[in-house]
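Topology and contacts: notes
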Amino acid sequence: MNHFYIIANAQKDYQLEITKKIQQFIIQNGGTCDYQLNQEQEGTIFDKRQIPDDTECIFVVGGDGTLLGAARIMADRNIPLIGVNTGHVGYLCELETDTVLNGVKQLLTEKEYTIEQRILLSGSCITREGKTKQQMALNDVVIHRSGRLQVVDLIIFVNGEYLNTYSADGIIIATPTGSTAYSMSAGGPIVDPKANLLLITPISPHTLNAKSIVLGAEDKITIEVAVRNGEQEEKVEVSFDGNPVGTLRAGESITIQKAPVCTKILKLSRLSFLERLRKKLHDYT
């Protein structure tokens, strides 16, 4: 590889120290590299149109949140991403600040890397005003209670067939990549990110037998907000990869399925998924 690009989170990379170090190393070793800031928290999303068509790999400097945003925006560009963790846990990031230059050197001089296809979720809400635009998520779509501290009833349909009604604080629909995120915290299983499936995990369910459910990747999931309290209309909030996208009221629903595009994640490490997971869990226990 010779042509690179960097998407940098200025809040996570102080004075762009890591970003500039990567850029200078690549240029000094005969490659090309430019960068762009991603300041999503300030409402400034990077412009993917500025990324050259001949880019072979994008370094995403920041943390898991920065990588998630880049994955959603760049899904249709078919360019592999590799995360550089400057945050905390960084389950999704392949490189740390102390290993990043070795990783860059490996990409410049060797071909010993793999590119994993990660599925994305695509979803849209169906409200009284109509159908909202499609949103995408690499980790998960979360539907959770809003307002008063009380449970909500969520009716789950799979491919049009009724599955279950959860009385809970909410529901998580996760990809295998997202199985180590909120779904794991809510008691869901950890899944190899290369797997081709979807997870349904209830959040704090008010029953003893509510468990995560594993579905095929081609299944279409619909979640409807049930009418529970006649005196006050129920409301839930919807977020994609942690980003709020809207509110659902009683009788409204959201439909979620696998997106038609995938994200490419570049991996340098020869560690298996289990070895990497064991190390992450040990480091951040």
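Described below are features of the structure shown in this document. Predicted, not measured: the structure shown is a model, and the values here were computed from it.

The rules behind these values
Residues numbered from 1 in each chain as written. Predicted model: local features only at pLDDT ≥ 70, side-chain atom pairs only at ≥ 80, totals over all residues. Heavy atoms only, no water. Helix = DSSP H or I, 4+ residues; strand = E, 2+ residues; numbered from the N terminus. Rg over C-alpha atoms; globule rule 2.2 N^0.38 Å. Buried < 20%, exposed > 50% of the residue type's maximum accessible area, 1.4 Å probe, protein only. Contact = heavy atoms within 4.5 Å. Lys, Arg positive; Asp, Glu negative; His and termini not counted. Charge placed at Lys NZ, Arg CZ, Asp CG, Glu CD. Axes fitted to C-alpha atoms, helices over the stretch in contact; angles between N-to-C directions. Parallel < 35°, antiparallel > 145°, perpendicular 65-115°, else oblique. Left-handed = near helix turned anticlockwise from the far one by under 90°. Phe/Tyr/Trp six-rings, centres within 6.5 Å; stacked < 30°, edge-to-face > 60°. Pairing = 2+ DSSP bridges. Expected span 1.5 Å × (residues − 1). Core = buried A, V, L, I, M, F, W, Y, C linked by side-chain atoms within 4.5 Å.

Details of the overall build of the protein chain
- A tally of helices and strands in the protein chain yields five helices and 18 strands.
- Against the 2.2 N^0.38 benchmark of 19 Å for 285 residues, the protein chain shows a C-alpha radius of gyration of 20 Å, consistent with a compact globule.
- When the backbone C-alpha atoms are referred to their principal axes, the protein chain occupies close to 65 × 40 × 30 Å.
- Within the span of the protein chain, comprising 285 residues, buried residues form 48% of the whole.
- For the protein chain, the share of sequence-separated contacts (at least 6 apart) that also reach a separation of at least 24 residues comes to 68%.
- Here the protein chain holds 29 positive side-chain charges and 34 negative ones, and the gap between their average locations is 1 Å.

Looking at the packing of helix H1 (residues 17-28) against helix H3 (residues 100-109)
- Between H1 and H3, the least distance of the axes is 10 Å, while the angle of their chain directions is 30°. Overall, the two elements H1 and H3 adopt an arrangement that is roughly parallel. Judged by the sense of rotation from one axis to the other, the crossing of H1 with H3 is right-handed. Contact residues: H1 offers Ile 18, Lys 21, Ile 22, Phe 25 and Ile 26, while H3 offers Val 100, Leu 101, Val 104, Lys 105 and Leu 108.

Notes on the packing of aromatic side chains
- All chains considered together, the criterion is met by two aromatic pairs.
- Here Phe 4 and Phe 59 contribute two aromatic rings whose centre-to-centre distance is 5.7 Å and whose plane-to-plane angle is 35°, an arrangement assigned as tilted. One end of the pair, Phe 4, is in strand S1 (residues 3-8); the other, Phe 59, is in strand S3 (residues 57-62), and 55 residues separate them in sequence.
- Taking the relative accessible area as the measure of exposure, Phe 4 reaches 3% and is therefore buried.
- Residue classification places Phe 59 among the buried positions, given a relative accessible area of 0%.
- Judged by centre distance (6.0 Å) and plane angle (70°), the rings of Phe 157 and Tyr 162 are edge-to-face.

Concerning the environment of Pro 193
- For Pro 193, the location among the structural elements is in the loop between helix H4 (182-185) and strand S13 (197-203).
- For the pair formed by Pro 193 and Thr 177, sequence separation is 16 residues and the distance between their alpha carbons is 4.5 Å.
- The contact partners of Pro 193, leaving out residues within four places of it in the chain, are Glu 116, Arg 118, Pro 176, Thr 177 and Phe 273.

Considerations on the pairing of strand S6 (residues 114-127)
- Among the 14 residues of S6, ten are classified as buried, and the element is accordingly described as predominantly covered.
- Pairing analysis gives three bridges linking S6 to strand S8 (residues 135-137), with the strands arranged antiparallel. For Ser 122, the partnering residue across the bridge sits in S8 and is Met 136.
- The antiparallel pairing of S6 with strand S7 (residues 130-131) creates a hairpin that spans two residues between the two strands.

Some details on the sheet that holds strand S14 (residues 213-216)
- One open sheet holds the six strands; their spatial order is S14-S13-S12-S9-S16-S17, and the pairing between them is antiparallel. Every interior strand has two partners, whereas the edge strands, S14 and strand S17 (243-249), have only one. In this sheet, neighbouring strand axes are inclined to one another by 20° on average, regardless of whether the strands run parallel or antiparallel.
- Sheet topology places strand S9 (residues 140-145) next to strand S16 (residues 235-240); five bridges connect them, and they run antiparallel. Bridge pairing links Ile 143 to Val 238 in S16.

As for H1
- Under the 1.5 Å per step criterion, the end-to-end length of H1 is 16 Å for twelve residues, consistent within 8% with the ideal 16 Å.
- Tucked inside the fold, the buried residues of H1 contact S1, strand S2 (32-37), S3, strand S4 (81-85) and H3.

Regarding the nonpolar core
- Of all hydrophobic cores here, the largest spans 27 residues; its most connected members are Val 141, Ile 143, Ile 223 and Ile 254.
- Examining the composition of this core, we find that four residues originate from one element, strand S10 (residues 152-158), more than from any other.
- Discounting chain neighbours no more than four positions away, the residues touching Val 141 are Leu 121, Ile 171, Ile 172, Ile 173, Val 238, Ser 239, Phe 240, Ile 254 and Ile 256.
- Of all hydrophobic cores here, the second largest spans 22 residues; its members include Ile 18, Cys 33, Leu 107 and Leu 268.

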